[in-house]
Amino acid sequence: GWRCGRGADGAALRWCITGALCASFLGLGMSIAVLGPTFPNLAANVRKNVSDIYYIFVGRSLGYLGGSVVGGVLFDCMNASLLLALSMLATTAGLYGIPWCKESLLLTILMSVIGGSMGILDTGGNVLALNTWGSEVGPHMQALHFSFAAGAFLAPILAKMALGGSESKDLPEAEKTNQSVLKSVPTASAVSPTPALKDHHDEDFLWSYIIIGTYILFTSIFFFVFYSKGSSAQDKSKASEQKRKLAKYHWALIGLLFLFFLFYVGAEVTYGSYVFTYAKVFAEMTESEAAALNSVFWGTFAVCRGLAIFGAAFLYPGTMIVMSLLSSAASSSALAFFAHYRTLLWVGTAVYGASMATVFPSGISWVEQYTVVEGKSAALFVVGAALGEMCIPAAVGYLQGRFHHIPVVMYAAFGSSAMTVLLFPVMYKLANVPQENDPEEVSDSETRRALLSNSRLTEDEDEDVREWNDADFEVVEMSDKMKNCLTERYRKIPEDSPAELSLQPDLDNSPVVSDGSPGRQNGNVDWEKSE
């Protein structure tokens, strides 16, 4: 009885954790994307040319990598809610400091501090979501990453409002700063504030950083509250994770996923960064058409992330990945070889954006089914994504500069897509290798899935088992009560507590072995009692 009472509390707490994580990822998206549109103002603020301070992007990216690694290690040895709250405080401090910063070195240091704390938040948010929901993480993971995309979409609009809309021609660049790394350097240099407007803008752009910083500060309060409550959901799941085994080739699987995310995120950011330039140079579009094409990519990306929250409720993560990979392969080949047809360019861009949307969250939910994802593993995913985000756009930019007549960005999209399509089947094979000690054992999450779908069935089978037991043994009342209690519990558990469910994967299917006889556990209980 006490468990059912606590179950309702636990469920409410878990939903609160998801809500707070989504809010923090919205802030993460905004603080990453606000840099692009405010870049000229930052340059004016430290009295440098836009092209001279590109290294603040490098500083932030290195900070992000460092934060992901440090976060992964720290998450395995301290309270997740506390670490997230502290990293959000550091982000707030950095965002508050930026507008007052008059030295480029100080600006770079602040940027790398913000990058580091955001790396911690990115790794930690994924780990906390997995710890909180276990095998039911699908929709929650999609919601987390949708919030990120929404934040990245909102930040440029916020910056535009703060700047009073006077630099409206900068809007296309603003929209493509989702997870920007080196890309705002060339785009922002076109728009440098005129000296007359400079002071006015310094006042204005300052506000977008203050607003985002204050928002993140408020969100961090929730995590301090979870910490003071002792975040019981997490402790339960820790116990359930002890029960679960690592996959046989755990680190090989994580390593392949690292590569998978490197290519996938690299391709996403590269396309989002260069499609504007591509449209102007190769498709000879006007600026407003090119901006619209750019918005179509990020628009379908964000919409599909939103839809995936509901999709993940009834599609397995593996299914979602396969659908995404097939549509990205189809659209990227159309873009690489038939983009000279205007219609195909638009349709291909929309489909490509949509197919990119769900891969990252689905990939994390997918690997969670086969192995335990703790801090260090999650850090590797995030580092892979961050490296892809740094290296692939930079390489494409360099090659595009060398080979002016070749649409490098489209071939990069096609190549990355081909790599991910090749990597996934290999990961799938590795994940499904049975463990040596007991090859017949079904993976824990599959047991859980079977339990959830067969809860009606087990009740019918219980009847048969009871008759069988009645015929052979006298003393069965106890075990019947146990079984009823268990079926009751399983009926409640799917919405209540995945952690408790995974703690007892064997109890419900133990009464019945395939030949219809009671399982060993029940048999033993009954024999002991009758003796």
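Here is what the cut-offs are and how they apply
- Residues numbered from 1 in each chain as written.
- Predicted model: local features only at pLDDT ≥ 70, side-chain atom pairs only at ≥ 80, totals over all residues.
- Heavy atoms only, no water.
- Helix = DSSP H or I, 4+ residues; strand = E, 2+ residues; numbered from the N terminus.
- Buried < 20%, exposed > 50% of the residue type's maximum accessible area, 1.4 Å probe, protein only.
- Patch = residues over 30% accessible without salt bridge, like charges linked within 9 Å, V, L, I, M, F, W, Y side chains within 5 Å.
- Areas by Shrake-Rupley, 256 points an atom, 1.4 Å probe, with all protein chains shown as cover.
- Salt bridge = Lys/Arg side-chain N within 4 Å of Asp/Glu carboxyl O.
- Axes fitted to C-alpha atoms, helices over the stretch in contact; angles between N-to-C directions.
- Parallel < 35°, antiparallel > 145°, perpendicular 65-115°, else oblique.
- Left-handed = near helix turned anticlockwise from the far one by under 90°.
- Nonpolar A, V, L, I, M, F, W, Y, C, P; charged D, E, K, R; others polar.
- Contact = heavy atoms within 4.5 Å.
- Core = buried A, V, L, I, M, F, W, Y, C linked by side-chain atoms within 4.5 Å.
- Domains from an automatic or database assignment.
- Phe/Tyr/Trp six-rings, centres within 6.5 Å; stacked < 30°, edge-to-face > 60°.
- Lys NZ or Arg CZ within 6 Å of the ring centre and 35° of its normal.
- pLDDT = per-residue confidence, 0-100.

## What about the overall build of the protein chain?
Moving on, step 1. Summing up its helical and strand segments, the protein chain has 22 helices and 0 strands in all.
Moving on, step 2. Taken across its 531 residues, the protein chain has 56% of its residues classed as buried.

## A word on a nonpolar patch on the surface
Moving on, step 1. Residues F337, F338, Y341, L344, Y411 and F414 make up a contiguous nonpolar surface patch of about 580 Å² in total accessible area.
Moving on, step 2. Of all the secondary structure elements, the ones that give two or more residues to the nonpolar patch are α13 (317–338) and α17 (408–431).
Moving on, step 3. Within the secondary structure, F414 sits in helix α17.
Moving on, step 4. Its relative accessible area of 31% is what places F414 among the partly exposed residues.

## Observations regarding the pattern of salt bridges
Moving on, step 1. Scanning the model with the defined rule gives 3 salt bridges in all.
Moving on, step 2. Ionic pairing is found between K376 and D76, a salt bridge with its closest N-O pair at 3.1 Å. Linking K376 in helix α16 (residues 375–402) with D76 in the loop between α3 (55–75) and α4 (80–97), this pair joins segments that are 300 residues apart in sequence.
Moving on, step 3. With relative accessibility at 41%, the residue K376 sits in the partly exposed group.
Moving on, step 4. Look at D76 and you get partly exposed, because its relative accessible area is 35%.

## Here's the deal with the packing of helix α11 (residues 250–281) against α17
Moving on, step 1. Where α11 meets α17, the axes come as close as 9 Å, and the angle between the chain directions of the two elements is 160°. In terms of axis orientation, α11 runs roughly antiparallel to α17. Where α11 crosses over α17, the handedness of that crossing is left-handed.
Moving on, step 2. Residues belonging to the contact of α11 with α17 are distributed by class as follows: 22 nonpolar, 3 polar and no charged.

## Focus: the packing of α11 against helix α12 (residues 287–314)
Moving on, step 1. As a packed pair, α11 and α12 sit with axes 6 Å apart at the nearest point and diverge in direction by 155°. Taken together, the axes of α11 and α12 lie roughly antiparallel to each other. The segment α11 lies against α12, with Y264, E268, Y271, G272, V275, F276, A279 and K280 engaging E287, A290, A291, L293, N294, F297, W298, F301 and R305.
Moving on, step 2. Class assignment of the residues belonging to the contact of α11 with α12 gives a composition of 11 nonpolar, 2 polar and 4 charged.

## Topic: helix α2 (residues 35–45)
Each α-helix turn comprises 3.6 residues. Residues three or four places apart therefore point the same way.
Moving on, step 1. Of all the 11 residues making up α2, 11 are buried; the element is thus mostly covered by neighbouring parts of the structure.
Moving on, step 2. Of all the residues in α2, the buried ones are L35, G36, P37, T38, F39, P40, N41, L42, A43, A44 and N45.
Moving on, step 3. R47 sits one or two residues past α2 and shows a positive phi near 55°.

## Quick look at unusual backbone geometry
Among all residues save glycine, negative phi is the norm, and among peptide bonds the norm is trans.
Moving on, step 1. Despite not being glycine, R47 shows a phi value in the positive range, around 55°.
Moving on, step 2. Tracing the sequence through the fold places R47 in the loop between α2 and α3.
Moving on, step 3. On the basis of relative accessibility, which here comes to 58%, the residue R47 falls in the exposed class.
Moving on, step 4. We note that E284 has phi near 50°; this positive angle belongs to a residue other than glycine.
Moving on, step 5. A residue is classified by how much of its surface remains accessible, and E284, at 67% relative accessible area, is exposed.

## Overview of helix α15 (residues 359–368)
Moving on, step 1. For α15, a buried count of 10 out of 10 residues is recorded, marking the element as mostly surrounded by other parts of the structure.
Moving on, step 2. For α15, every residue scored as buried is listed here: V359, F360, P361, S362, G363, I364, S365, W366, V367 and E368.

## Overview of the side chain of S416
Moving on, step 1. Among the secondary structure elements, S416 is positioned in helix α17.
Moving on, step 2. Aside from chain neighbours lying at most four places away, what touches S416 is F263 and A267.

## Remarks on the environment of K429
Moving on, step 1. Relative to the assigned elements, K429 resides in helix α17.
Moving on, step 2. What makes K429 exposed here is its relative accessible area of 63%.
Moving on, step 3. Sequence separation between K429 and L253 is 176 residues; the distance between their C-alpha atoms is 9.6 Å.

## Overview of the nonpolar core
Moving on, step 1. L42, I56, F223, F260, Y271, L345 and W366 are the most contacted members of the largest nonpolar core, which totals 119 residues.
Moving on, step 2. Broken down by element, this core gets its largest block of residues, 17 residues, from α11.
Moving on, step 3. Counting contributing residues per domain, this core is built from domain 1 (9–166 + 202–229) and domain 2 (246–433), each supplying no fewer than three.
Moving on, step 4. Once residues within four sequence positions are removed from consideration, F260 is found in contact with I321, L325, V359, T420, L423, F424 and M427.

## Focus: the packing of aromatic side chains
Moving on, step 1. A full pass over the atoms with the stated rule returns 16 aromatic pairs.
Moving on, step 2. Ring geometry for F297 versus Y352: centroids 6.1 Å apart, planes at 35°, classification tilted. Highlighted residues: F297 in helix α12 and Y352 in helix α14 (residues 342–357), separated in sequence by 55 residues. Here F297 matches Y352 in class, with each residue buried.
Moving on, step 3. For the ring pair W366 and Y370, a centre distance of 5.2 Å and an interplane angle of 55° mean the geometry is tilted.
Moving on, step 4. Under the relative-accessibility criterion, W366 is labelled buried at 1%.
Moving on, step 5. Judged by relative accessible area, Y370 falls into the buried class, the value being 15%.
Moving on, step 6. Each residue in the set F260, F261, F360, W366, Y370, F381 and F424 is aromatic and connected to the rest through ring pairs, giving one cluster.
Moving on, step 7. Over the ring of W133 we find R14; its NZ or CZ atom is 5.0 Å from the centre of that ring.

## Some remarks on the confidence of the model for the protein chain
Moving on, step 1. The predicted model of the protein chain has a mean per-residue pLDDT of 75, with 69% of residues at 70 or higher.
Moving on, step 2. Here helix α8 (residues 184–189) is the element of the protein chain with the lowest mean pLDDT, 34, and α13 is the one with the highest, 93.
Moving on, step 3. Contacts from residues 438–442, a stretch scored under 50 in pLDDT, to residues over four places away or in other chains number 5 contacts.
Moving on, step 4. Throughout residues 450–479 the model reports pLDDT below 50, and contacts reaching past four residues in sequence, or to other chains, amount to 36 contacts.

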